[in-house]
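What follows is the residue order along each chain.
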Amino acid sequence: MSKRDELIALYAEDLKSKCGVTPDMDLLTKVTIGCGPSIYNADASTVAGSQQSELETVKNNFLIKKLGVSASEDLDGAIAKVIDQYGKSNRNKYRAVIYYLLTKHFGKEAVYK
């Protein structure tokens, strides 16, 4: 099993146990691949849910640029909802899991087809 496959399995387990979501493994795999090499870096692979600059990065680089979500939508509210769903007390909020949940939230699965 490759390192990426191990991480995808870890993300799937987080989605099931911490978020109460049964993941679409095909979509989760594509979202993980879309994160690029950041998944292998301990700092870059997680999202600091309480750090405003980190949330701005998620909003601008992922939601607006990657998913093409309009800046006029409630992006901050969607990010807050996903972080609540993941659990604010969870120390490691994996970027791929956050991105997966946001992709599902906005119904943008087609971006990864």
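Everything here concerns the structure above.
Residues numbered from 1 in each chain as written. Predicted model: local features only at pLDDT ≥ 70, side-chain atom pairs only at ≥ 80, totals over all residues. Heavy atoms only, no water.

## Structural notes on the overall build of the chain
Tallying secondary structure elements over the chain gives 5 helices and 0 strands in all. Helices and strands appear in the chain in the N-to-C order α-α-α-α-α. For the chain, the C-alpha radius of gyration of 13 Å lies close to 13 Å, the compact-globule estimate for 113 residues. Taking the principal axes of its C-alpha atoms as reference, the chain extends roughly 40 × 35 × 25 Å. Partitioning the intrachain contacts of the chain with sequence separation of at least 6 by distance along the chain shows that 65% fall at a separation of at least 24. Counting every atom, the chain has about 6000 Å² of accessible surface; 48% of that belongs to carbon and sulfur. Of the side chains in the chain, 16 bear a positive and 14 a negative charge, and the two mean positions are spaced by 1 Å. (Helix = DSSP H or I, 4+ residues; strand = E, 2+ residues; numbered from the N terminus. Rg over C-alpha atoms; globule rule 2.2 N^0.38 Å. Contact = heavy atoms within 4.5 Å. Areas by Shrake-Rupley, 256 points an atom, 1.4 Å probe, with all protein chains shown as cover. Lys, Arg positive; Asp, Glu negative; His and termini not counted. Charge placed at Lys NZ, Arg CZ, Asp CG, Glu CD.)

## Concerning the packing of helix α1 (residues 3-17) against helix α5 (residues 95-105)
Where α1 contacts α5, the axes come no closer than 9 Å and their chain directions differ by 55°. Taken together, the axis directions place α1 and α5 in an arrangement best described as oblique. The way α1 lies across α5 gives a crossing that is right-handed. In this structure, α1 contributes Tyr11, Asp14 and Leu15 to the contact, and α5 contributes Ala96, Val97, Tyr100 and Leu101. Its residues placed into classes, the contact of α1 with α5 shows 6 nonpolar, no polar and 1 charged. (Axes fitted to C-alpha atoms, helices over the stretch in contact; angles between N-to-C directions. Parallel < 35°, antiparallel > 145°, perpendicular 65-115°, else oblique. Left-handed = near helix turned anticlockwise from the far one by under 90°. Nonpolar A, V, L, I, M, F, W, Y, C, P; charged D, E, K, R; others polar.)

## Considerations on the side chain of Ser38
Counting through the fold element by element, Ser38 comes out in the loop between α2 (25-34) and α3 (52-66). Ser38 sits in the buried class, given a relative accessible area of 18%. With residues up to four places along the chain from it excluded, the contact list for Ser38 reads Ala44, Ser45 and Arg95. (Buried < 20%, exposed > 50% of the residue type's maximum accessible area, 1.4 Å probe, protein only.)

## Things to note about the packing of aromatic side chains
What the rule picks out here adds up to 2 aromatic pairs. When the centroid spacing of 5.3 Å and the interplanar angle of 50° are considered together, the rings of Tyr11 and Tyr94 count as tilted. With a gap of 83 residues between them, Tyr11 in helix α1 and Tyr94 in the loop between α4 (75-86) and α5 connect regions that are remote in the sequence. Both residues of the pair, Tyr11 and Tyr94, count as buried. Ring geometry for Phe62 against Tyr99: centres 3.9 Å apart, planes inclined by 10°, an arrangement best described as stacked. Of the two residues, Phe62 sits in helix α3 while Tyr99 sits in helix α5, which places them 37 residues apart along the sequence. Taking the relative accessible area as the measure of exposure, Phe62 reaches 3% and is therefore buried. Note on Tyr99: relative accessible area 10%, which makes it buried. (Phe/Tyr/Trp six-rings, centres within 6.5 Å; stacked < 30°, edge-to-face > 60°.)

## A word on the environment of Ile64
Tracing the chain through its elements places Ile64 in helix α3. Sequence separation of Ile64 and Leu75 is 11 residues, and the distance between their C-alpha atoms is 9.0 Å. Among all residues touching Ile64, those that are not within four sequence positions of it are Lys59, Val69, Ala71 and Leu75.

This is a description of form; function is not addressed.
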